[in-house]
Amino acid sequence: MIRRTLLAAALAAATLGVLPVAAANARACRIDHYCTTTYYSDAALTNAVGGKQEDCDGTTRTWGVRGPYQTWYESPCF
């Protein structure tokens, strides 16, 4: 019984170790705010691979792809 439990735990740990990590989701832009999200392919934030811009009038523009690293900026509309 203990061997089965240990085997199951080892298999679960091995499975979790090889699953790909999904890109982080951007925060939601608050109403009456301008938001910009930029996605990068590296932790040093040197290679931008995509982005999303949300304007005060509700217009949303995206480009490229989502990367695993991101910066996020939010500013109130005037």
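Use the structure listed above.
The model shown is predicted, which means the values in this text are computed figures rather than measured ones.

Cut-offs used in this document
Residues numbered from 1 in each chain as written. Predicted model: local features only at pLDDT ≥ 70, side-chain atom pairs only at ≥ 80, totals over all residues. Heavy atoms only, no water. Salt bridge = Lys/Arg side-chain N within 4 Å of Asp/Glu carboxyl O. Buried < 20%, exposed > 50% of the residue type's maximum accessible area, 1.4 Å probe, protein only. Helix = DSSP H or I, 4+ residues; strand = E, 2+ residues; numbered from the N terminus. Lys, Arg positive; Asp, Glu negative; His and termini not counted. Contact = heavy atoms within 4.5 Å.

Draft legend 1. A look at the pattern of salt bridges. Applying the stated criterion across every chain yields a total of 2 salt bridges. A salt bridge links Arg61 to Asp55, with the nearest nitrogen and oxygen atoms 2.5 Å apart. Note on Arg61: relative accessible area 39%, which makes it partly exposed. Judged by relative accessible area, Asp55 falls into the buried class, the value being 17%.

Draft legend 2. Geometry of the side chain of Glu54. With respect to the secondary-structure elements, Glu54 resides in strand S2 (residues 48–54). Lys52 provides the closest opposite charge to the buried, salt-bridge-free Glu54, at an N-O distance of 4.2 Å. Residues in contact with Glu54, not counting those within four places in the same chain, are Cys29, His33, Tyr34, Cys35, Thr59 and Thr60.

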